[in-house]
Amino acid sequence: MNSSDLRTSFLEFFESKGHTIVPSASLLPTSPNLLFTNAGMNQFVPYFLGERVPVHRRIADTQKCIRAGGKHNDLEDVGFDSYHHTFFEMLGNWSLGDYFKAEALRWSWELLTQVWGMPKERLYVTVYDPAPGAPAEFDHEAWEIWAEILSADGLDPHLHIKKNPDCFWMMGDTGPCGPCSEMHLDTTEANDTNGALVDANSPYCMELWNNVFIQFNALEDGSFVPLKERHVDTGLGFERVAGIMATSKGFSNYSLPPSNYDSDLFTDLFDFLSGLCDHRYQQTIPDDRDHMNEVETKDCAFRVLADHARTLCCAIADGILPGNEGRNYVLRRILRRGVLWANRLNLRAGSLEKLVGPVVEKLGPVFPELSQQVDVIERVIASEEAAFERTIDRGLVMLDRLTDEASSEISGKDAFTLYDTHGFPLDLTQMVARERELTVDTEGFSQEMEQQRERARAGQKRIAVTVVDSDTDAKGSTRFVGYEADHLSNVEARITDIVYDRDKIFLVTDRTPFYAELGGQIGDRGSATVEGRELRISNTVYDVGGRCLHELASAPEIGSDWKPRSASISLSVDEGRRREIQRHHTATHVLHWALREVLGRHVRQAGSLVSQSRLRFDFSHFEQPSANQMREIETLANERAIENAGVTWFEVPFHEKPDDSLAFFGDKYGDIVRVVDIGGWSRELCGGTHVTATGEIGLIKVVGESAIAAGIRRIEAVVGATSLQLVEENFGLVQRFAQRLSCSVSELDQRFGNLLQQKGNLEKEIRGFRKKDVTELANLLATRASNRSGIPWMAKSVNLPDPGEMRNLAVQLSRKFDEHVIILGGVFKGKVNVLALCSEKAIASGFQAGNLVREITQRLGGNGGGKPDFAMGGGPDAGNLDAVLEDI
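Residues numbered from 1 in each chain as written. Predicted model: local features only at pLDDT ≥ 70, side-chain atom pairs only at ≥ 80, totals over all residues. Heavy atoms only, no water.

Each helix and strand counted, the protein chain has 26 helices and 32 strands in total. The principal-axis extent of the C-alpha atoms belonging to the protein chain is close to 115 × 85 × 55 Å. By the burial criterion, 52% of the 888 residues in the protein chain qualify as buried. For the protein chain, contacts bridging at least 24 residues in sequence account for 67% of all contacts bridging at least 6. Surface accessibility of the protein chain: about 41500 Å² in total, with carbon and sulfur atoms responsible for 46%. One finds the centroid of the 95 positive side-chain charges in the protein chain at a distance of 8 Å from the centroid of its 130 negative side-chain charges. (Helix = DSSP H or I, 4+ residues; strand = E, 2+ residues; numbered from the N terminus. Buried < 20%, exposed > 50% of the residue type's maximum accessible area, 1.4 Å probe, protein only. Contact = heavy atoms within 4.5 Å. Areas by Shrake-Rupley, 256 points an atom, 1.4 Å probe, with all protein chains shown as cover. Lys, Arg positive; Asp, Glu negative; His and termini not counted. Charge placed at Lys NZ, Arg CZ, Asp CG, Glu CD.)

Listed below in structure tokens is the structure:
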């Protein structure tokens, strides 16, 4: 049974038990506190919490997982042993308020022993046995179920059931939790340990499967109370089972140590790697990672490359790109670690990109997004590899120098320079240092990193309204009623609070048509009428309690002690400004759609700004879009705008949102979400305000595209009145150019081409004249050279167009003498430039160019220097140049 058969067998088994097979969730988690999806249960947490009602009560799947960075970080160990991975699949079956312990344990035993044929006598299970003082009780129910199962198969429950105080799963300090039961396989050749290796961190007795029984709710006081609904959450390590099955030849031969890397999930990749280098995988595992022989090093490299290639392909297919922060930086570390290990195999640049094909061939049938995104995956990895290769040589040269100079430790400052300048993560520096029996000052590295963060924080400018009100929750949040155009004027409300912040006054109301700044959309402006007095509102923001704060523009006139006699207020939004904001906001959705159509489905929103005069949209992408791609993006966006498609919005429970709704920005969405639908071809979760039809947007004109961080780009555009104004201004400018050149607009391109060609010809002719002038000047100056100690000597000021001409003159002069000291000075744009050339005999006679230039420039109020044979410098004292040169 190969890996594909094994996976299919698991899913078909649980499908026969009434489970619905669901696809893997994305590696980009919905939980804000996770870097990656790192367990099969991640996507089902809302059901455990009771936040959503499940569509299916019984579910089975294979879940893509990455454990690299954060709480679960296996990156440092990958390659050095036979079982660690950054990417792995977790097979799981789930009961969401349906079956419980009896079914879960019986089915897991049935699958392992009857379907897959694992030897029963080699299997051991665990049950929860609390430590003294633990609030939960011994799991008698699981013990009795296991005892019945094992006894029926002729096994001694007291030998094959192990009690474990750690067999209790908790999502956090509080919340859903419960006991669990693990299943372990003894792979020792003699099988005579009697379960002594269970939970003993032995590679010969691996945990295969964990059945978690979510039946309690942990409270803040440390107590547990039963849940209304009980759930089953299981996870089986796919790579572990596949590896053991392959190593033991179908559970029949235990003479070799088990290895996850023995299954075809990896051996197919190893075979491909062998075709790229002069090594075949030999299954060696180092006893000491700090002292590996050549074969162990190359086998380790094979494991690293196979694992990291799988991680990169699956992450990029889910839209996670290498970058400088968070999960993106972790992915970049993985890629660069792979590149360095590829160097151990003497593989040529671009080797990681070559592994994309074999990975997609192996995993694409299970995870179709890999096949759909294969071109993007290859381009991202190729781009990252090329960028790293450009710095790796310089970094390795520096690292070699540091390790040669260091007696026992690389300083934290040097390690940080490698990281900051050459892109070497700390763990890579540690890896090289370890091989050379050195340590790295990690504490000093952390101090350097913190100092950099402090510099970054000091350079930031923050302007924020800070409101601290202990009664915020009691006074309640503000209800927004301003989505519809007929709810923007004379909206009656009640003032619930007045907030004073320095010299500003904010009105808080129970309801408002004013949109408060949120999600990139700026806040509304307008007016408020209180007791017959009209007040201008200059901005609208939210405070931490969800209250809407209306900033009064006339706060200084009102006074810090102003309070109205009545709580009644009438609110009116500046509708013209709001319409322009809405045009730009809807245009961001249209551009987002166009970007994904042209650049690929990996494009994800990474930030935005929507104002009345422009939009800014940040998105994930790995390279600069070409000019043709940008034209296509703009064309597609305008075609959609001209269609005048309807723009609608509706609210639904989060779990009932349409499957194609985009929710990318890492927001924590509530139970009810607002979906903005544009013509059926764009659906995004969005709380902002929009036009009712795309025709209201007007012309979408892209005015800029740039990189703002590694893997993050920014597109800027204008629409509506702003784009009309831009077109009018540019059209008028073109017309004026045509008039000045006495031609039509259609002839401008050719006319400018002719002018540029004429300019180039004239500059070439001028350079010829200058070269002739410099040659003649060199001939003249050569006749005026003096002689000192038998060496031709010259120190002259010259009048030339630029310093380049002066250097050219010095070179021509040096060719006229076998030996020489040549010093030239000139004034260019009010500043003095000085240079000196000295021949070998001149240097031997004590004349050094660096010393001469240093002395001259210091006397001119500047500085300079260089090598003995050539030096340059400058100074501000132009009026004293001739006197200093004559004196020298």
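Past the structure itself, the notes keep going.
Attention now moves to the packing of helix H1 (residues 3–15) against helix H3 (residues 101–115). Two numbers describe a pair of packed helices, the interaxial angle and the distance between the axes. Where H1 meets H3, the closest approach of the two axes is 11 Å, and the angle between their N-to-C directions is 130°. Judged by the angle between their axes, H1 and H3 are oblique. In the crossing of H1 with H3, the sense of the turn from one axis to the other is right-handed. Contacts between H1 and H3 pair Ser9, Phe10, Phe13 and Phe14 from the former with Trp107, Glu110, Leu111 and Val115 from the latter. In terms of residue class, the contact of H1 with H3 is made up of six nonpolar, one polar and one charged. (Axes fitted to C-alpha atoms, helices over the stretch in contact; angles between N-to-C directions. Parallel < 35°, antiparallel > 145°, perpendicular 65-115°, else oblique. Left-handed = near helix turned anticlockwise from the far one by under 90°. Nonpolar A, V, L, I, M, F, W, Y, C, P; charged D, E, K, R; others polar.)

With that settled, the discussion passes to the pairing of strand S3 (residues 87–96). Counted residue by residue, S3 has 10 buried out of 10 residues, so it is predominantly covered. Of the two faces of S3, the one lined by Phe87, Glu89, Leu91, Asn93 and Ser95 and the one lined by Phe88, Met90, Gly92, Trp94 and Leu96 are each fully buried. The pairing of strand S2 (residues 58–66) with S3 spans nine bridges and is classified as antiparallel. The partner of Ala60 across the bridge, within S3, is Asn93. (Pairing = 2+ DSSP bridges.)

The next point concerns the environment of Phe168. With respect to the helices and strands, the residue Phe168 is situated in strand S6 (residues 168–170). Sequence separation of Phe168 and Pro130 is 38 residues, and the distance between their C-alpha atoms is 8.6 Å. Those residues in contact with Phe168 that lie beyond four places of it in its chain are Tyr128, Ala136, Cys177, Gly178, Pro179, Cys180, Phe216 and Phe224.

Bringing the nonpolar core into the picture now. Formed by 119 residues in total, the largest nonpolar core has its most connected members in Trp116, Met118, Trp146, Trp209 and Leu370. Look past the residues within four positions of Met118 in its chain and what remains in contact with it is Leu112, Thr113, Leu123, Leu185, Leu208, Val241 and Phe251. (Core = buried A, V, L, I, M, F, W, Y, C linked by side-chain atoms within 4.5 Å.)

A separate point is the packing of aromatic side chains. For the coordinates displayed, the defined rule picks out 24 aromatic pairs. Geometrically, the ring pair formed by Phe80 and Trp341 is edge-to-face, given 6.0 Å between the ring centres and 70° between the ring planes. Here the residue Phe80 occupies a position in the loop between S2 and S3, and Trp341 occupies one in helix H9 (residues 326–344), the gap between them amounting to 261 residues. Neither residue differs from the other here; Phe80 and Trp341 are each classed as buried. (Phe/Tyr/Trp six-rings, centres within 6.5 Å; stacked < 30°, edge-to-face > 60°.)

When pLDDT is averaged across the protein chain, the result is 88; 93% of the residues are at 70 or more. Residue range residues 459–474 is modelled with pLDDT below 50. Its contacts to residues more than four positions away, or to other chains, number 14 contacts. (pLDDT = per-residue confidence, 0-100.)

Taking strand neighbours across the sheet as the criterion, the three strands line up as S22-S23-S24 in an open arrangement whose pairing is antiparallel. The open sheet is flanked by strand S22 (647–653) and strand S24 (682–685), the only strands paired with a single partner. With direction set aside, neighbouring strand axes in the sheet form an average angle of 25°. Both S22 and strand S23 (residues 672–678) contribute to a ladder of seven bridges, which runs antiparallel. Pairing of Trp649 across the sheet is with Val676, part of S23.

The next point concerns the packing of H1 against helix H6 (residues 238–247). Interhelical geometry of H1 versus H6 gives an angle of 125° and a closest axis separation of 10 Å. If you check the angle between H1 and H6, you find them oblique. Crossing hand, H1 versus H6: right-handed. Listed contacts from H6 to Ser3, Leu6 and Arg7 of H1 are Phe238, Val241, Ala242 and Met245.

Here the focus is the sheet that holds strand S19 (residues 568–573). Pairing is antiparallel around the closed barrel formed by six strands, whose spatial order is S13-S14-S18-S17-S16-S19. Taken over all neighbouring pairs, the strand axes of this sheet differ in orientation by 45° on average, direction set aside. Pairing between strand S16 (residues 526–530) and S19: four bridges, direction antiparallel. In the sheet register, Ala528 faces S19, and the bridge partner there is Leu571.

Across its 19 residues, H9 extends 28 Å between first and last C-alpha, which sits within 8% of the 27 Å expected from 1.5 Å per residue. Where H9 terminates, the next one or two residues include Asn346, which has phi positive at roughly 60°. (Expected span 1.5 Å × (residues − 1).)

Okay, the pairing of strand S13 (residues 491–501) next. With four bridges joining them, S13 and S19 adopt antiparallel strand pairing. Considered in S19, the bridge of Arg494 is made with Ser568. Examined bridge by bridge, S13 and strand S14 (residues 504–509) share six bridges and lie antiparallel to one another. Residue pairing across strands places Asp497 opposite Val508, the latter belonging to S14. Once S13 ends, the chain turns through two residues before running back antiparallel as S14, passing Arg502 with a positive phi of about 55°.

Attention now goes to the environment of Arg751. If you trace the backbone, Arg751 turns up in helix H22 (residues 748–782). Given the relative accessible area of 30%, Arg751 is considered partly exposed. In this structure, the C-alpha to C-alpha distance between Arg751 and Val295, residues 456 residues apart in sequence, is 68 Å. Within polar-contact distance, the side chain of Arg751 engages the backbone oxygen of Leu741 at 2.5 Å. (Polar contact = N/O pair within 3.5 Å; in protein donor to acceptor, adjacent residues only side chain to side chain.)

The next point concerns unusual backbone geometry. Unusually for a residue other than glycine, Gln283 sits at a positive phi of about 65°. Within the secondary structure layout, Gln283 lies in the loop between helix H7 (264–274) and helix H8 (294–317).

On to the pattern of salt bridges, then. All told, the structure shown has 34 salt bridges when counted by the stated rule. Between Asp153 and Lys120 there is a salt bridge, with the nearest N and O atoms lying 3.2 Å from each other. Taken together, the positions of Asp153 in the loop between helix H4 (140–152) and helix H5 (157–160) and Lys120 in the loop between H3 and strand S4 (123–128) put the pair 33 residues apart, joining distant regions of the chain. On the accessibility criterion, Asp153 (29% relative accessible area) is partly exposed. Close ionic contact of Glu763 with Lys759 constitutes a salt bridge, the shortest N to O distance being 2.7 Å. Remark: Lys759 and Glu763 occur in helix H22; sequence separation between them is four residues, near one turn of the helix. The exposure class assigned to Glu763 is partly exposed, which follows from its relative accessible area of 36%. A single network of salt bridges, built from pairs that share partners, joins Lys64, Asp318 and Glu369. (Salt bridge = Lys/Arg side-chain N within 4 Å of Asp/Glu carboxyl O.)

Here the focus is the side chain of His19. With respect to the helices, strands and loops of the structure, His19 is situated in the loop between H1 and strand S1 (20–21). Among the residues examined, His19 registers a relative accessible area of 4% and is labelled buried. Only 3.0 Å separates the side chain of His19 from the backbone oxygen of Phe14, close enough to count as a polar contact. A distance of 3.5 Å separates a polar side-chain atom of His19 from the backbone oxygen of Lys17. Ignoring anything within four residues of it in the chain, the contact list for His19 reads Phe14, Arg58, Ile59, Ala60, Asn93, Trp94, Tyr99 and Trp107.

So, on to a nonpolar patch on the surface. Taken together, the side chains of Leu733, Phe737, Phe752 and Leu755 make up a nonpolar region of the molecular surface, amounting to roughly 320 Å² of accessible area. For the nonpolar patch, the secondary-structure elements that each account for two or more residues are helix H21 (720–740) and H22. (Patch = residues over 30% accessible without salt bridge, like charges linked within 9 Å, V, L, I, M, F, W, Y side chains within 5 Å.)

What follows deals with helix H20 (residues 627–642). Quick reminder: α-helices carry 3.6 residues per turn. Residues three or four places apart thus point the same way. Compared with the 22 Å implied by 1.5 Å per residue over 16 residues, the 23 Å span of H20 between its first and last C-alpha is a close match. Burial in H20 covers these residues: Gln629, Met630, Ile633, Glu634, Leu636, Ala637, Asn638, Arg640 and Ala641. One or two steps after H20, the chain reaches Asn644, where phi turns positive at roughly 60°.

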